[in-house]
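This is what each chain is made of:
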Amino acid sequence: MGQLLTGLRQHISPRLIDGRGWELLLERASETPATMAAFPFGFEIPLHDPEPRADFGVSLVGDSASAARYQEKGKEPNADASTAALARLLDETDMEDSDLRRIAGRKMLLEFDIDAARPDTRPDPGIFLYPVDDAVAGDGKRFGDLAVVYDAIVSACGWDRDAAERETLERLYRTLEPDTLVRAVGGFPGRSERGVRIAVTGFRKADDLVAFLERAGWSGQCPRIDEIVSFFDQRKAFAYLGAHFDIRSDGLGPALGLSFFAHEREWLKDIRHWTALIDGIRDQGHAVSEKLSELANWSTGSTIVFGAAGAYMLVRGIHHVKLTITGNQVDQVKGYVFFLMMAGWRKTGQPA
């Protein structure tokens, strides 16, 4: 993937990723096979930080060339812990009668942290699983299914089971309304502090989100969350929200991630859906203005790129934008942008 990103350099703004940040990104991307470009991949761009850098994310999907490579490498005697764990996850979701496959399908996301302050470190990637459709909807009846996904993440991260942590997760799930659902469960085995990350989506208004936070016993400042979300609500800047928590043995972590989705559909390539949100973030002074402008330029629709096998349709877009609130401050703003490559025409001129 490092070589592939090098070929896509002209489509990646140096105002967003450049210099040492770009070099480190290529180094980490080179750890993953180019076949991962068969599925969406992209960057987590810190819009609050003037430094041009980003983390790297790729999809790993069962029964794909990339999955086969991870499964083969994961079974080698000298396989590292991360690759071996991913191989086990893929093996489990290969089984048609697997509960994990029924609940979370065959797709996972790998997120590679890139730290310019510690360029020699290569932490194992974060691993995220995504319950399919409404598999873990908030009807109070599906904690058993959520626990299957949670257990899979804990095992893949190499952590011991923690009964108190699991109880925190169950308390959070029991507070969900039927029109909300668990969208993702993940963990970062390479980080110093353990924390299972959960994303809950389906919130349409500030009142709905704040009521949920109060029921869940989140320790942060709910009035501040109400203020932040209401500002964007008044501007009609989002279709729905996601709330991200760290699940810990002593309760929910103090930081809250708020993801803004501009449309019911994902993988949007039209910037018009995002203008109100980007302008609102700029007006509030939460992010670097120049980076916000470059984020807007990212969603330019589709273009044709040429590779050794022929032409490809390259789609660029914004998946979501996340604000992280700690105390009463918005201390991080990140844009999650994606590439999608689709076969166009082979060199023979025939559709691929």
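Residues numbered from 1 in each chain as written. Predicted model: local features only at pLDDT ≥ 70, side-chain atom pairs only at ≥ 80, totals over all residues. Heavy atoms only, no water.

**Remarks on the overall build of the protein**
Working step 1: Within the protein one finds eleven helices and twelve strands.
Working step 2: In summary, the protein has a C-alpha radius of gyration of 20 Å against a globular reference of 20 Å for 352 residues, a match within 12%.
Working step 3: Over its C-alpha atoms, taken along the principal directions, the protein stretches across nearly 60 × 50 × 40 Å.
Working step 4: Every one of the 352 residues in the protein was classed for burial, and the buried ones make up 52%.
Working step 5: Working note: accessible area of the protein is about 15800 Å², and carbon and sulfur atoms make up 48% of it.
Working step 6: The averaged location of the 52 negative side-chain charges in the protein is 4 Å from the averaged location of its 42 positive side-chain charges. (Helix = DSSP H or I, 4+ residues; strand = E, 2+ residues; numbered from the N terminus. Rg over C-alpha atoms; globule rule 2.2 N^0.38 Å. Buried < 20%, exposed > 50% of the residue type's maximum accessible area, 1.4 Å probe, protein only. Areas by Shrake-Rupley, 256 points an atom, 1.4 Å probe, with all protein chains shown as cover. Lys, Arg positive; Asp, Glu negative; His and termini not counted. Charge placed at Lys NZ, Arg CZ, Asp CG, Glu CD.)

**Observations concerning the pattern of salt bridges**
Working step 1: For the structure on display, the rule yields 27 salt bridges.
Working step 2: In this structure, the salt-bridge partner of Asp 139 is Arg 142, at a minimum N-O distance of 2.9 Å.
Working step 3: With a closest N to O distance of 3.7 Å, Arg 215 and Glu 177 form a salt bridge. Placement of the pair is Arg 215 in helix α8 (residues 206-216) and Glu 177 in the loop between α7 (163-174) and β5 (181-187), with a sequence separation of 38 residues.
Working step 4: Arg 215 sits in the partly exposed class, given a relative accessible area of 38%.
Working step 5: Residue class for Glu 177 comes out partly exposed when judged on its relative accessible area of 39%. (Salt bridge = Lys/Arg side-chain N within 4 Å of Asp/Glu carboxyl O.)

**Overview of the nonpolar core**
Working step 1: Of all hydrophobic cores here, the largest spans 102 residues; its most connected members are Phe 43, Phe 56 and Phe 245.
Working step 2: With nine residues, the single largest contributor to this core is helix α6 (residues 143-156).
Working step 3: Leaving out residues up to four positions away in the same chain, Phe 245 has contacts with Leu 172, Val 196, Arg 197, Ile 198, Phe 212, Leu 213, Trp 218, Leu 252 and Leu 256. (Core = buried A, V, L, I, M, F, W, Y, C linked by side-chain atoms within 4.5 Å. Contact = heavy atoms within 4.5 Å.)

**Re the packing of helix α10 (residues 275-284) against helix α11 (residues 289-298)**
The relative placement of two packed helices comes down to the angle between their axes together with the axis-to-axis distance.
Working step 1: Axis separation between α10 and α11 bottoms out at 10 Å; the angle between their running directions is 175°. As far as their axial angle goes, α11 and α10 are roughly antiparallel. Note on element contacts: α11 touches α10 through Ser 289, Leu 292, Ser 293, Leu 295 and Ala 296, opposite Ile 278, Ile 281 and Arg 282.
Working step 2: The residue inventory of the contact of α10 with α11, partitioned by class, reads five nonpolar, two polar and one charged. (Axes fitted to C-alpha atoms, helices over the stretch in contact; angles between N-to-C directions. Parallel < 35°, antiparallel > 145°, perpendicular 65-115°, else oblique. Nonpolar A, V, L, I, M, F, W, Y, C, P; charged D, E, K, R; others polar.)

**With respect to unusual backbone geometry**
Working step 1: The backbone of Asp 63 shows a phi angle near 60°, a positive value even though the residue is not glycine.
Working step 2: Within the secondary structure layout, Asp 63 lies in the loop between β2 (55-61) and α3 (65-74).
Working step 3: The exposure class assigned to Asp 63 is exposed, which follows from its relative accessible area of 65%.
Working step 4: Backbone geometry places Asp 133, a non-glycine residue, at a positive phi of 50°.
Working step 5: Take Asp 133: it is sitting in the loop between β4 (126-129) and α6.

**Digging into the pairing of strand β3 (residues 107-112)**
Working step 1: Bridging between β2 and β3 involves six bridges; their strand directions are antiparallel. Pairing of Val 61 across the sheet is with Lys 107, part of β3.
Working step 2: As defined by bridge partners, β3 adjoins β4 across four bridges and the pair is classed as antiparallel. Each bridged residue has a counterpart across the sheet, and for Met 108 the counterpart in β4 is Leu 129. (Pairing = 2+ DSSP bridges.)

**Side note on α7**
For an α-helix, the turn length of 3.6 residues means that residues three or four places apart are oriented alike.
Working step 1: Between its first and last C-alpha, α7 extends 16 Å over twelve residues, near the 16 Å set by a 1.5 Å rise per residue.
Working step 2: Every buried residue belonging to α7 is among Glu 165, Thr 168, Leu 169, Leu 172 and Tyr 173, and all of these are buried. Along the axis of α7, the buried residues cluster in a sector spanning 135°; they form a single face.
Working step 3: The elements touched by buried residues of α7 are α6, β6 (196-203), α8, β7 (240-248) and β8 (251-252).
Working step 4: A side-chain oxygen of the first residue of α7 lies 3.0 Å from the backbone nitrogen of Ala 164; this N-cap is Asp 162. (Expected span 1.5 Å × (residues − 1). Arc of directions from axis to C-beta. Polar contact = N/O pair within 3.5 Å; in protein donor to acceptor, adjacent residues only side chain to side chain.)

**Here's the deal with the packing of aromatic side chains**
For any pair of aromatic rings, geometry is given as the distance between the ring centres together with the angle between the planes.
Working step 1: Taken as a whole, this structure holds 14 aromatic pairs when the rule is applied.
Working step 2: Between Phe 143 and Tyr 173 the ring centres are 6.3 Å apart and the planes differ by 40°, which places this aromatic pair in the tilted class. A residue pair is termed long-range when its members are at least 10 positions apart, and Phe 143 in helix α6 and Tyr 173 in helix α7 qualify at 30 residues.
Working step 3: Classification of Phe 143 as buried rests on a relative accessible area of 8%.
Working step 4: Seen from their ring centres, Phe 203 and Phe 212 are 5.1 Å apart, and the 35° between their planes marks the pair as tilted. Here the two residues Phe 203 and Phe 212 agree in accessibility, since each one is buried. (Phe/Tyr/Trp six-rings, centres within 6.5 Å; stacked < 30°, edge-to-face > 60°.)

**Some remarks on the environment of Tyr 336**
Working step 1: Inspection of the secondary structure puts Tyr 336 in strand β12 (residues 329-346).
Working step 2: Separated by 279 residues in sequence, Tyr 336 and Gly 57 place their C-alpha atoms 9.3 Å apart.
Working step 3: In this structure, Tyr 336 is in contact with Phe 43, Glu 44, Ile 318, His 319, His 320 and Lys 322, ignoring residues within four places of it in sequence.
Working step 4: One polar contact links Tyr 336 to Lys 322, side chain to side chain, over a distance of 3.3 Å.

**Quick notes on the confidence of the model for the protein**
Working step 1: Summarising the model, the protein shows a mean pLDDT of 92, and 95% of its residues fall at 70 or more.
Working step 2: Scored below 50 in pLDDT, residues 346-352 makes 13 contacts in the model with residues more than four places away or belonging to other chains. (pLDDT = per-residue confidence, 0-100.)

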